[in-house]
Amino acid sequence: MTGKKINPSCVDYGIMNCRTLDKHWPDFCLTTNLDEGELDRILERYMEPDNSKYSLASAEVEYEGYRLLTRVEEIIAVARKISA
C-alpha cells in the first residue's frame, strides 16, 4: 500500500445516479458537492488553449466513434484532430 488517499467514485459502489437520477447522491459526489472555488479552477484549466483543444477533440471522437472504434483507434483519431 502506498499510503495514498483513494477517492471513492460512484462506479465503485454501483450508484451511477448521474445517468438515471433515481438514486441518492453519496456524500463524496462531486456533482453535488464540488467546492465552487475548485469548480472555477477546473473551468479555468479547461479554457487554456491546449486543454480546450484536446478536450474538444476527444469529445468529438467520443461522439463520432462511440462503440465503433477501439481505444487505439480513438487515440489515433484524437491525435489527427489535434494535428499531432
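One can find the structure itself at the top, above this paragraph.
Because the structure is a prediction, the values reported are computed rather than measured. (Residues numbered from 1 in each chain as written. Predicted model: local features only at pLDDT ≥ 70, side-chain atom pairs only at ≥ 80, totals over all residues. Heavy atoms only, no water.)

Novice: Just checking my understanding: could you explain unusual backbone geometry for this structure?
Specialist: Of all residues except glycine, most have a negative phi; of all peptide bonds, most are trans. Non-glycine residue Arg67 carries a positive phi angle of around 65°. Relative to the helices and strands, Arg67 resides in the loop between α5 (49-65) and α6 (71-81). Look at Ser83: it is not a glycine, yet its phi comes out positive at around 60°. The topology assignment puts Ser83 in the segment after α6. (Helix = DSSP H or I, 4+ residues; strand = E, 2+ residues; numbered from the N terminus.)

Novice: Looking at this model, I keep getting lost on a negative patch on the surface. Mind explaining?
Specialist: Together, Asp35, Glu36, Asp40 and Glu44 make up a negatively charged patch on the protein surface. Position of Asp40 relative to the elements: it lies in helix α4 (residues 36-47). By relative accessible area, Asp40 is classed as partly exposed at 37%. (Patch = residues over 30% accessible without salt bridge, like charges linked within 9 Å, V, L, I, M, F, W, Y side chains within 5 Å. Areas by Shrake-Rupley, 256 points an atom, 1.4 Å probe, with all protein chains shown as cover. Salt bridge = Lys/Arg side-chain N within 4 Å of Asp/Glu carboxyl O. Lys, Arg positive; Asp, Glu negative; His and termini not counted. Charge placed at Lys NZ, Arg CZ, Asp CG, Glu CD. Buried < 20%, exposed > 50% of the residue type's maximum accessible area, 1.4 Å probe, protein only.)

Novice: Looking at this structure, I do not really get α5. What am I missing?
Specialist: Count 3.6 residues to each turn of an α-helix, and residues three or four apart come out pointing the same way. Between its first and last C-alpha atoms α5 spans 24 Å; for 17 residues at 1.5 Å apiece the expected length is 24 Å, and the two agree. For α5, every residue scored as buried is listed here: Ala57, Val61 and Gly65. Down the axis of α5, the sector holding all buried residues measures 40°, keeping them to one side. When the buried face of α5 is taken as reference, the exposed residues oriented beyond 90 degrees from it are Leu56 and Tyr63. Buried residues belonging to α5 abut α6. Immediately downstream of α5, the backbone of Arg67 shows phi near 65°, a positive value. (Expected span 1.5 Å × (residues − 1). Arc of directions from axis to C-beta. Contact = heavy atoms within 4.5 Å.)

Novice: Hey, could you run me through the packing of α5 against α6 in this one?
Specialist: Two quantities define a packed helix pair, namely the angle between the axes and the distance from one axis to the other. Across the interface, α5 lies against α6 with an axial gap of 9 Å and an inter-helix angle of 135°. Classified by the interaxial angle, the pair formed by α5 and α6 is oblique. Both α5 and α6 take part in a crossing whose hand is right-handed. Contacts between α5 and α6 pair Ala57, Ser58, Glu60, Val61, Glu62 and Glu64 from the former with Glu74, Ala77, Val78 and Lys81 from the latter. Among the residues forming the contact of α5 with α6, the class breakdown is four nonpolar, one polar and five charged. (Axes fitted to C-alpha atoms, helices over the stretch in contact; angles between N-to-C directions. Parallel < 35°, antiparallel > 145°, perpendicular 65-115°, else oblique. Left-handed = near helix turned anticlockwise from the far one by under 90°. Nonpolar A, V, L, I, M, F, W, Y, C, P; charged D, E, K, R; others polar.)

Novice: Looking at this structure, how should I read the side chain of Glu74?
Specialist: By the secondary structure assignment, Glu74 is in helix α6. According to the relative accessible area criterion, Glu74 is buried, its value standing at 14%. Sequence-distant contacts of Glu74, defined by excluding residues within four places in its chain, comprise Val61, Glu62 and Leu69.

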